[in-house]
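Structural overview for review
What follows is each chain in one-letter form.
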Amino acid sequence: MSAESNSFPLCGGIVHTLVQSGTTNSQSSSLAPIIVNGKGADFKCEKTIKARIKKKIVTQKLILSLIDVAIKKKDKESVKKYWNTYYCLDKPVTDAKRLYGKYCKNRICTVCSGNRKAELINKYLPIINQWEEPHFVTLTIKSVSKNKLPLMMRNILVGLNRIIAKNKKRSQRGKGKKLMGIRSLECNFNPINKTYNPHFHLIVPDKETADILVDEWLVYSNKKGFWASKKAQDKQKIYDNEKCLVEVIKYGSKIITVPKENESHLEQIPAVIYANALHNILVSMNGLRLFERFGFNANFKPKTTHEIVLRNYEILKYNPSIGDWEDDNNNSTCNFKLPDNWNHLLEFNIDLELE
Ligand SMILES: [Zn+2]
């Protein structure tokens, strides 16, 4: 599924300056028809568009720090990826009703992870809602240094897959429970100890599955020398399936969670973003599946490419100096202002050294 096809739900809202002038200006009348993919985002919905421009501003400012880090480390591949993210949704197209554009689909991009989040919620929430007594499980190991991180990410993935495979075989012999659930791989950075803590978050259908996973995780990881302590593992009954699912699918983007409009910004914005550590985490996750289901299949709708032809449209362009998309006449389209605490964080509180 393309990121585009996962547009935000319809909601009432603004009549945009662009909506009023969009299809009648000089640009749209002189352009050749174009094909766009996906359903696009609801351009008339103020909430949707402002949420998207906010993610664009935050991501673009942060990505410049990551580019600096990657250049310093001579990591050309990451530099290229980060530039792609810099230009994500840079020149969107609108027919005054919906907004279409090219998405980078990188893990660090909050614009794209917002789309992915919506996609995963639509897929998995109806399934989790049918589970008897969903439990939230955290499986972790002793934190490691940056040098050990890439190997440890792979090691713990292998470990969890082995536990799942072993129980599957056991259940096929009629001797145990087949495990199922969804899991995401995450990693935190501890700036005081300069260590990284790779861990899993899982949602499973019942307490028995949660108990088996924690018990077997402790045995496996200690046998392998990963030193998982019992008190660092967690299992608890879920009372709000959707909230928990959102938590689980944040994965790679957790470090720069963009708060929702109606929530306290102060509570959710980290005090400092450690760009160097973030880069190390992203590199260690390259090629790994961060989110996966196990033990069950679901009849998801096949991916379809939704193409439409636009005849009357306008090409917008992102202007980093104002943090907005501008039309051909340099009119800004969203009139969104990033809250001061976000500006302060992105301006002064990105640490490029610590790792
Ligand atoms: Zn993107």
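Residues numbered from 1 in each chain as written. Predicted model: local features only at pLDDT ≥ 70, side-chain atom pairs only at ≥ 80, totals over all residues. Heavy atoms only, no water.

Looking up the protein in an unreviewed UniProt entry gives the name Replication protein, with the organism given as Moheibacter stercoris.

1. Looking at the environment of Asn 37
Along the chain, the position of Asn 37 falls in strand β1 (residues 34-37). A relative accessible area of 37% places Asn 37 in the partly exposed class. Residues Asn 37 and Ile 308, spaced 271 residues apart in sequence, show a C-alpha to C-alpha distance of 6.6 Å. (Helix = DSSP H or I, 4+ residues; strand = E, 2+ residues; numbered from the N terminus. Buried < 20%, exposed > 50% of the residue type's maximum accessible area, 1.4 Å probe, protein only.)

2. Comments concerning helix α3 (residues 46-72)
The end-to-end C-alpha distance of α3 is 40 Å, a good match for the 39 Å that 27 residues give at a rise of 1.5 Å each. Two residues or fewer after α3 comes Lys 74, characterised by a positive phi angle close to 55°. (Expected span 1.5 Å × (residues − 1).)

3. Quick word on the nonpolar core
Membership of the largest hydrophobic core comes to 38 residues, with the highest contact counts inside it found for Leu 62, Leu 66, Tyr 82, Cys 88, Ile 108, Trp 325 and Leu 346. For this core, the secondary structure elements donating two or more residues are α3, α4 (76-86), α5 (110-128), α10 (275-284) and α11 (340-348). At 10 residues, α3 tops the list of elements feeding residues into this core. Counting the residues that make up this core, at least three belong to each of domain 1 (3-108 + 303-351) and domain 2 (119-294). The contact partners of Leu 346, leaving out residues within four places of it in the chain, are Val 58, Lys 61, Leu 62, Ile 273 and Leu 338. Core analysis: the second largest hydrophobic core is formed by 35 residues, Val 144, Leu 179, Ile 212 and Leu 288 among them. (Core = buried A, V, L, I, M, F, W, Y, C linked by side-chain atoms within 4.5 Å. Domains from an automatic or database assignment. Contact = heavy atoms within 4.5 Å.)

4. Considerations on the coordination of the zinc ion
Looking at the zinc ion, one finds its protein donor set to be Cys 88 (SG), Cys 104 (SG), Cys 109 (SG) and Cys 112 (SG), positioned 2.3 to 2.4 Å from the metal centre. One can describe the site at the zinc ion as tetrahedral: its 4 donor atoms subtend angles covering 103 to 114° at the metal. Between consecutive donors of the zinc ion, the numbers of intervening residues give the motif C-x15-C-x4-C-x2-C. Of this pair, Cys 88 sits in the loop between α4 and β3 (93-94) while Cys 104 sits in the loop between β4 (98-100) and α5, placing them 16 residues apart in sequence. Overall, the relative accessible area of 17% leaves Cys 104 in the buried class. (Donors = N, O, S within 2.8 Å, 3.2 Å for Na, K, Ca; no water. Tetrahedral: all angles 85-135°; square planar, octahedral: opposite > 155°, others 65-115°.)

5. Remarks on the sheet that holds strand β12 (residues 314-315)
Read across the sheet, 4 strands follow the order β2-β4-β3-β12 without closing on themselves; strand pairing throughout is antiparallel. Across the chains shown, the open sheet's two edge strands, defined by having one partner strand only, are β2 (41-42) and β12. Two elements, β3 and β4, share 2 bridges in a ladder whose sense is antiparallel. Bridging across to β4, Val 93 finds its partner in Tyr 100. (Pairing = 2+ DSSP bridges.)

6. Considering the confidence of the model for the protein
Mean pLDDT over the protein: 85, with 86% of residues reaching 70 or higher. The secondary structure element of the protein with the lowest average pLDDT is helix α1 (residues 17-21), at 36, and the one with the highest is α4, at 97. In this model residues 1-24 is a low-confidence stretch, pLDDT under 50, and it forms 67 contacts with partners more than four residues away in sequence or in other chains. The model gives residues 257-267 a pLDDT under 50, and that stretch makes 21 contacts with residues more than four places away or in other chains. (pLDDT = per-residue confidence, 0-100.)

7. Quick look at the packing of aromatic side chains
Overall, the coordinates contain 10 aromatic pairs when judged by the stated rule. Aromatic side chains Trp 83 and Tyr 87 sit 6.2 Å apart centroid to centroid with 25° between the ring planes, which places their arrangement in the stacked category. Of the residues examined, Trp 83 reaches a relative accessible area of 35% and is grouped as partly exposed. On the numbers, 6.4 Å between centres and 90° between planes, the contact of Tyr 124 with Phe 296 is edge-to-face. Highlighted residues: Tyr 124 in helix α5 and Phe 296 in the loop between β10 (291-294) and β11 (307-310), separated in sequence by 172 residues. Classification of Phe 296 as buried rests on a relative accessible area of 12%. One aromatic cluster is present, built from ring pairs that chain together Tyr 124, Trp 131, Phe 291 and Phe 296. Residue placement shows Lys 56 over the ring face of Tyr 318; its charged tip is 4.9 Å from the ring centre. (Phe/Tyr/Trp six-rings, centres within 6.5 Å; stacked < 30°, edge-to-face > 60°. Lys NZ or Arg CZ within 6 Å of the ring centre and 35° of its normal.)

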